[in-house]
Every structure is written in structure tokens, then in C-alpha cells.
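# Understanding the architecture of this molecule
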Amino acid sequence: MSNDNDIILSSATSMSTLTINEVSKDGFGYNPSVGPQSNIITPEASTFLLSSKKSIITNNPNSIYDKNIINKKNLEISLSSLAFLFCEMVNWCHSNSKGIQDLETRLNGLGYQVGQRYIELIKLREGFKTNKREVKIVEILQFIHGTFWKAIFGKTANELEKSQDVLNEYMITDNVPLMSKFISIPKEYGELNCSAFMAGIIEGALDSSAFFANVTAHSVPITGYPLRTVFLIKFDDSLSIRESLRS
Amino acid sequence: MSSYYLTIIGTRDNPLYEVEFSSFKPNSSSTSSSASASSIPGRAQFAPDVREILPFIANSSLDIIDDSQWSTSNFNLGRVDSFYGLVVNAFITQGNVKFVLCYDNVGSGTNSKYDDNLIRQFFIDVNDLYVKCLLNPFYRVNDAIVSPEFDIKVKLLARKYF
Amino acid sequence: MKVYSIYILNKAGGLIYQNDVNPGLNRLSANDYLVLAGTLHGVHAIAAKVTPTINGKEVATNEYPNNQNAILLASGKLQDSNSNKSGLQSIETDLFNLYIFQTLTGIKFILITSPNPVVHNLQQINREVANKGELNKQYAQANEIFKHLYIIYSDYVMKDPFYSLDMPIKSSLFDTKVKEIV
């Protein structure tokens, strides 16, 4: 693969819109040169769907589509294996990166994809009867700070604050960030914080919910909590306009 | 017997998946004007010119969805639009992916409430499938969903509910 | 028992960590610490070779690595993490005690502690008393410390992406945790 070393960016593509030059490669959408081409029920599919035998549906017995992902039991994994995996991820990013900033961006990009997926999964697990879509900035922040954090780390984050000075800036604080629990940053790496991965998860979750934001992780140690990390969330200016229009 | 057109729209208003189907129930009722003996159960029976504009109807409803997206915190947006007898129902996930279902309203005017509820259930199950699809590490947000398994599962849901 | 100093040696005998946790020892130059570590490593290896035998059979179970690896693979659990069965295990003097703990991968943890409590009249102590008494107590305590040391080593050193194997340990978190143990 030639693009093996290509950086995985926190794709802000969700903010852009389609252009006329982007042609669907997969046959979905309307192609004027072909006409309507929608996915229709073929005679075979029809007989198949109507038949009562459902055992031959797939040749893959472990298909994700047959599994119950809402099940809340046995969702814990070993912290050690997670720590080793994360250690390798940091190493991998490190070996490809050109500098500290680059390393953080790469970690952020890896987390971004996790966040995009996780927020949908958590919303699904919450169930539709009791829960709602988050449409307000404060509400989604509370959701991330509470439910989301708990689902990933088994505990809620420690603090959620609004910046005094800057509009559209919020801070989530975690005293003991789980992923980087065992990592101490050497002095020559300066301001590096491996929780950039976590920041990426938050950013991915917010972006895909259309709360476009930039999230960065900063170490702010206090006595007793040497790893205390503040996630600084800076929302796009367009959000406050949207919010003010609706209220 | 109603025909349905379901499409999944990504965050950039790009189509991710579409399918046409109709009610699988054998239409024993008297309103069997459109169904001929040779028809395949489950195949959508949109008129050709209607079929041509289905993606456009879905697309035009996106503006309305975008508008109501921020005023309600429901996942199911319900009936958002109608276009010459075609009704458009929509559902939006937390990750801003929209499910749009267009269907012709033949013979179901009396119990539309029941229909809406059915569609809501259908959407919730499609959302479940979508999240499963999203859990695939080789699938990225906003990619078209080409998994044949996803396809067959959606069609099974269609058979189950309609 | 007072722990004076903790050393960690990699499998080649290089000093990768040294911490004087309690005052009581003279500071040496950085080079001398390396020499000391190398010497201990060598003496340990020699001791493993000069283990006494009875009729040509080794008294200490030297089959440790093979056997233990099999147990480890089968059960996923290691009963005793100390693989130091035939080498130098401890040195007891009037001024200090020294204990060595070796992991399966050959990392050595070395503890220098205060000496055993003084037994004044050097009378013959029978084995029964010795097993229960003060003489073994300190050895057990040292082993307890080794166990914790091994745990935090696996946690805060091996899981740190900025640590490369066999290189000196600079992790500040590890330092803090070591101080907490002692």
C-alpha cells in the first residue's frame, strides 16, 4: 500500500458538501446517463424472502448483523491488553510522525473514527424509548461527560466547565485518564499528551452529531493527580448562530 | 398495496444506500388494480415516471429534515413531506445520518397512524443494522453501504413490517 | 527492615534503574554503579554454576525455565514469578542485606536493605526456630516488595510507549510508585 504512511486525518468532511464532480461509484443516487437504477427486489430475492427457511441466510455464522449489539452484559475488557494496544498505537504513530504536533494529530485522527462510531452505538444502546437526540450544545456536552464517558471508561468525567474568557469554549476534565494511565511523558516531549486520542474520540462524536468542534488535550497536573487532563473543546462559530436561532 | 422507496443519506447529503420494495402481503383485497398476476411479491410498483423522480423527492425533503432536525430531539421525524400522493417519512440518527422512506399512499388513508408507527419501528431496526454496519472497521462514515448482507437484512425487515 | 536502594538490571547485566529510596548508603559515581551492577550479574551467573550437587544431581531445581514455561502456557498463571532458583539469591552481612529477584525474561530486581536484627550470642539455632523466626522474616518481606515492584514495573514501564526495552527507565510515574511501595 502506497498510502500506508498517509496520515489519518480527523476528517472534517462532514462539514463540507457534495460537489457536482463527485459521482457515485456504487450505483446509489441518480445518474442521469443511466436513469433510475434503484436496488429492487429480484424474483430470486422475493422467493427467498418469502420462504420460511431463514437458516441459509448467510454463509457467515458470526456475522455482525446476526448479533445483538444492544446487550449490555460482558462489555468489559482487560485494561492490560488495552494499555498494550494503546502503547503500540502511540509507537506506530510516533514512528511515522515528524514531530510532537504531528504525533498528536495522528492520535487524534485514530480516535476520531472511534468517536464517530461509538456515539451511534451508545445512542442505540440507550434505547429509543427513554432517550432523545442531542440538539443543544450543553446537552450534548453533558451526554459526553456522563453517559458517553461512562460507556467507554466505566466512570463519568470529573468536571465540565465553560470557559470564562472565550465564547464557545468548554472544558472536560478527567483526573485519571484511563488510556494514558501508565504513560509518563519524557521531558524532551514537552507538551505532548497521549490523551490526544481521547480528544479525537470526543471530536469525532461531536462532529458526527453536527456540533463541529476542535478538541485538544492538555496536561494540567494537580497534587495527587499527576495525569489530570483537560480536554478543551472549541466549537465552530456557526453553532452559536444555530443555537440562537432556535431558542 | 403500497410501494416503498428507502434511502439512507449520509452527512454530506450523499446517498449511502437505496432500495425499492412493496408490501409482501398477498393482496387479496379488492384494490388489486395495479398488481398483475405475473408480478413478483415484494417488487415495487412505482410507475416509470415516478420511479425516475424518487431520488429527487427524497433529496428535496432533506431541506425540511435539516430544518426540523434542530427543533425536535426525536429520532423519528415522522411524516415530513408529501408529493403528489407520495408520502415521505424520515428518521435521523445521532450521527446525522438520515433514513428517508417515500411511499405511495394507496389504500392506507384510513389508518395512517398505524402506518407511521410501523414505519417508526422499521426505522429503528434499520438504525440497528446501520450501527452494525458502522462497527465494521473497513467501513467509514459516509461510504456507500454495499454489503449484500446488509441489503438482505433490510429486505427482511421490509418483509417483516410491510 | 529498611530498604536502602533498589537496582534493576536488564538481562545483559546493564543497570537500567537505580534509586536510593532511603539514605544510608554512600553515593557512588555513575560509573561505579554500572560496575557494581555488572559484577553482581557476573557473580549471580557464577553462583548458578557452582550450585552444590548430591551424587552429581543438582539440589536446586534447575529445570525452572522449561518446566515453568509449560505451566505458564497451560494454565496462564505463574505460581511463583521469581525465576531465581539456582543463582545468587541473597547476601546477608552485618552492614546490609542484598536480595535478588529474577523474572522469567531475565530482568533482575536487586534490593539492598538494612541487615538482619542482631543475634548476639552466636548460638546454634535449630532449623525449626529459624524457619519461623526473624531470620526468614526479612527474606519474606523482601519477596513481598519484589512482587509489588514487578507489578509496577510491568504496568508503568512495559506499558509506556516511550520506553524502549533494555534501556534506562526514566518514567516519572514509575519513580513515584516505587516510593509508594517503600
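Residues numbered from 1 in each chain as written. Chains lettered and ligands numbered in written order. Predicted model: local features only at pLDDT ≥ 70, side-chain atom pairs only at ≥ 80, totals over all residues.

## Here's the deal with the environment of Cys93(A)
All names here are of chain A. Here Cys93 lies in helix 2 (residues 79-96). Sequence separation between Cys93 and Leu107 is 14 residues; the distance between their C-alpha atoms is 6.8 Å. Setting aside anything within four residues of it in sequence, one finds Cys93 in contact with Leu103, Arg106 and Leu107. (Helix = DSSP H or I, 4+ residues; strand = E, 2+ residues; numbered from the N terminus. Contact = placed C-beta atoms within 7 Å.)

## Observations concerning the environment of Glu20(B)
Residue and element names in this part refer to chain B. Mapped onto the fold, Glu20 is located in strand 2 (residues 15-22). Taking the C-beta count within 10 Å as the criterion, Glu20 has 23 such neighbours and is therefore assigned buried. Counting along the chain gives 41 residues from Glu20 to Ser61, while the straight-line C-alpha distance between them is 18 Å. (Buried ≥ 20, exposed ≤ 12 C-beta atoms within 10 Å, placed from the backbone.)

## Quick notes on the nonpolar core
Across soluble globular proteins, nonpolar side chains have a tendency to be buried as a group. Grouped together as the largest cluster of nonpolar side chains are 72 residues, with contacts concentrated most on Ile144(A), Ile202(A) and Leu111(C). Considering each element in turn, this core owes the most residues, eight residues, to helix 5 (residues 196-208) of chain A. Setting aside its immediate chain neighbours within four residues, Ile144(A) contacts Trp149(A), Ile172(A), Ile202(A) and Ala205(A). Judged by nonpolar contacts, the second largest core, of 47 residues, contains Ile41(A), Ile92(B), Val100(B) and Tyr103(B). (Core = buried A, V, L, I, M, F, W, Y, C linked by C-beta atoms within 7 Å.)

## A word on the interface of chain A and chain B
Frequently, the measure chosen for interface size is the accessible area removed from exposure when the parts meet. Facing 44 residues of chain A, the contacting portion of chain B comprises 53 residues. Counting only elements with at least two residues in the side of chain A that touches chain B, the list comes to helix 1 (43-50), helix 3 (100-126) and helix 6 (237-246) of chain A. Sorting elements by how many residues they give to the side of chain A that touches chain B places helix 3 of chain A first, with seven residues. Considered class by class, the residues forming the side of chain A that touches chain B number 20 nonpolar, 15 polar and nine charged. (Nonpolar A, V, L, I, M, F, W, Y, C, P; charged D, E, K, R; others polar.)

## Some details on the interface of chain C and chain A
Listed by partner, the interface residues are ten residues for chain C and twelve residues for chain A. Considered class by class, the residues forming the side of chain C that touches chain A number four nonpolar, two polar and four charged.

## Some points on the confidence of the model for chain B
As a note on interpretation, predicted positions should not be read in detail where pLDDT is low. Chain-level statistics for chain B give a pLDDT mean of 81 and a share of 85% at 70 or above. Confidence drops under pLDDT 50 across residues 28-38 of chain B; counting only partners more than four residues distant or on other chains, this segment forms seven contacts. (pLDDT = per-residue confidence, 0-100.)

## Remarks on the pairing of strand 4 (residues 229-235) of chain A
Residues and elements named next belong to chain A. A one-sided burial pattern is seen for strand 4, the buried positions being Thr229, Phe231, Ile233 and Phe235 and the unburied ones Val230, Leu232 and Lys234. With six bridges joining them, strand 2 (residues 169-174) and strand 4 adopt antiparallel strand pairing. Opposite Thr173, over in strand 4, you have Val230 as the bridge partner. (Pairing = 2+ DSSP bridges.)

## Observations regarding unusual backbone geometry
In this structure, Asn96(B) is a non-glycine residue whose phi angle is positive, near 70°. Relative to the assigned elements, Asn96(B) resides in the loop between strand 4 (86-92) and strand 5 (98-104). You can call Asn96(B) buried: it has 22 C-beta atoms within 10 Å. A positive phi angle, close to 70°, is found at Asp166(C), a residue other than glycine. As for its position among the elements, Asp166(C) is in the loop between helix 4 (134-157) and helix 5 (172-181).

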